[in-house]
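# Report on the structure
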Amino acid sequence: MPKRFSSLSGYGLGWSTRQRVTAVAIGLAVLLALAATVALFTGRTGTSDSKSTAPSGTSSTASASAGPTASAGAGSVAKPPPLADPVAFAKAAAGMLWSYDTRTTSRSEQLAGMKAWLTAETEYADWASIAAQVPDPVLWSRMADQDQYATATVSEAHYPSAFKQALADDPSAITEAYIYAVTVTGKQQIAWKKGGAGAEDRSITLAVQCRPNANCSLVSIAPRVVP
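Residues numbered from 1 in each chain as written. Predicted model: local features only at pLDDT ≥ 70, side-chain atom pairs only at ≥ 80, totals over all residues. Heavy atoms only, no water.

### Here we look at the sheet that holds strand S2 (residues 149-158)
- Taken in spatial order, the 5 strands line up as S1-S2-S3-S4-S5 in an open sheet, and their pairing is antiparallel. If you trace the sheet from one side to the other, it starts and ends with strand S1 (100-101) and strand S5 (217-221), each paired once.
- Along the sheet face, helix H3 (residues 86-97) touches S2, strand S3 (179-192), strand S4 (196-209) and S5 and points at about 140 degrees away from the line of S4. (Pairing = 2+ DSSP bridges. Helix = DSSP H or I, 4+ residues; strand = E, 2+ residues; numbered from the N terminus. Contact = heavy atoms within 4.5 Å. Axes fitted to C-alpha atoms, helices over the stretch in contact; angles between N-to-C directions.)

### Section: the nonpolar core
- Of all hydrophobic cores here, the largest spans 45 residues; its most connected members are Leu97, Val184, Leu206 and Val208.
- By residue number, the principal contributor to this core is H3, which donates 8 residues.
- Counting residues in hydrophobic clusters, the runner-up holds 5 residues, among them Tyr124, Ala177, Ala207 and Val219. (Core = buried A, V, L, I, M, F, W, Y, C linked by side-chain atoms within 4.5 Å. Buried < 20%, exposed > 50% of the residue type's maximum accessible area, 1.4 Å probe, protein only.)

### A few points about the packing of aromatic side chains
- A complete count under the given rule lists 5 aromatic pairs for this structure.
- Measuring from ring centre to ring centre gives 6.2 Å for Tyr100 and Trp140, while their planes differ by 50 degrees; the resulting arrangement is tilted. Placement of the pair is Tyr100 in strand S1 and Trp140 in helix H6 (residues 137-145), with a sequence separation of 40 residues. Of the two residues examined, Tyr100 and Trp140, each falls in the buried class.
- Geometrically, the ring pair formed by Phe163 and Tyr180 is edge-to-face, given 6.4 Å between the ring centres and 65 degrees between the ring planes. Placement of Phe163 in helix H7 (residues 161-169) and of Tyr180 in strand S3 is noted, with a sequence separation of 17 residues between them. Tyr180 matches Phe163 in its accessibility class, with the two residues each being buried.
- Connected via pairs of aromatic rings, a cluster forms that spans Tyr159, Phe163 and Tyr180. (Phe/Tyr/Trp six-rings, centres within 6.5 Å; stacked < 30°, edge-to-face > 60°.)

### Looking at the environment of Arg103
- In this structure, Arg103 sits in the loop between S1 and helix H4 (107-115).
- Spatially, the C-alpha atoms of Arg103 and Gln146 are 8.6 Å apart, while their sequence positions differ by 43 residues.
- Looking at Arg103, its side chain comes within polar contact range of the side chain of Asp101, at 2.8 Å. (Polar contact = N/O pair within 3.5 Å; in protein donor to acceptor, adjacent residues only side chain to side chain.)

### Here we look at the confidence of the model for the protein chain
- Confidence in the prediction of the protein chain, expressed as mean pLDDT, is 76, and 67% of residues score 70 or more.
- Taken element by element, the protein chain is modelled with least confidence in helix H2 (residues 35-45), mean pLDDT 29, and with most confidence in H3, mean pLDDT 98.
- Below pLDDT 50 for its whole length, residues 9-27 participates in 60 contacts with residues either more than four positions away or in separate chains.
- Under a pLDDT of 50 for its full length, residues 29-75 has, in the predicted model, 114 contacts with residues more than four places off or in other chains. (pLDDT = per-residue confidence, 0-100.)

### Some thoughts on the pattern of salt bridges
- For the structure on display, the rule yields 4 salt bridges.
- A salt bridge links Asp101 to Arg103, with the nearest nitrogen and oxygen atoms 2.8 Å apart.
- By relative accessible area, which is 1% here, Asp101 ends up buried.
- Of the charged contacts in the structure, one is a salt bridge between Glu121 and Arg211, with a shortest N-O distance of 2.6 Å. With Glu121 in the loop between H4 and helix H5 (127-131) and Arg211 in the loop between S4 and S5, this pair connects stretches of sequence that are 90 residues apart. (Salt bridge = Lys/Arg side-chain N within 4 Å of Asp/Glu carboxyl O.)

### Quick word on the pairing of S3
- The buried fraction of S3 is high, at 11 of 14 residues.
- Bridge analysis of S2 against S3 gives 9 bridges, and the strand direction is antiparallel. From the neighbouring strand, Ala157 faces S3, where its bridge partner is Val184.
- Note that S3 and S4 share 14 bridges and pair antiparallel. For Ile179, the partnering residue across the bridge sits in S4 and is Gln209.
- The turn joining S3 and S4, which pair antiparallel and follow one another in sequence, is formed by 3 residues; a positive phi near 60 degrees is taken by Lys194.

### Side note on the environment of Glu156
- Along the polypeptide, Glu156 turns up in strand S2.
- Each C-alpha atom of the pair Glu156 and Lys91 lies 7.6 Å from the other, and the pair is 65 residues apart in sequence.

This is the structure in structure tokens:
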């Protein structure tokens, strides 16, 4: 039986570009809770926007309808839903990131579909961290040779504890960029030719932007999961 190739979820890559540094400074520096990181980013904004007030209800449970299972079999990447709640949007985004179908979607189409979720505010957008989820062209081609596809089930999402603590420390900082950190957990089901199949637990920490009276958008993916 053909062995499956790597999934679309390699989110442990380091952030090296200037946009990544900016995104971390704005959205995730506090979450990493490292003294060196905080020192590096305080010069950028004085106070990280992660030190901010989350919407009421920072519990780990979001509406089930807000975090759909993205269907890879549809032949295209799921479109961003019109949601204004950070937790609900993060669940939907994680489902999108963990779903793909090499049988019906080219690598360029996969990237284009993912980019539709990205914030239009370029000073915060960290496209590199999101695009890094997609295998290189050679690997994508090999996955396509095996008809590999994946679907995702999102089970839970919550604001990380460090984020919630930061909210209490500086409730007003959110108003510059309205970027929230959300950790999402779930499962990815992968299948390929001749009945090959597997499932893997997934966790990811996302930065999402949800300005008042506007739909949420994706900002970046943290280099590691923040509990």
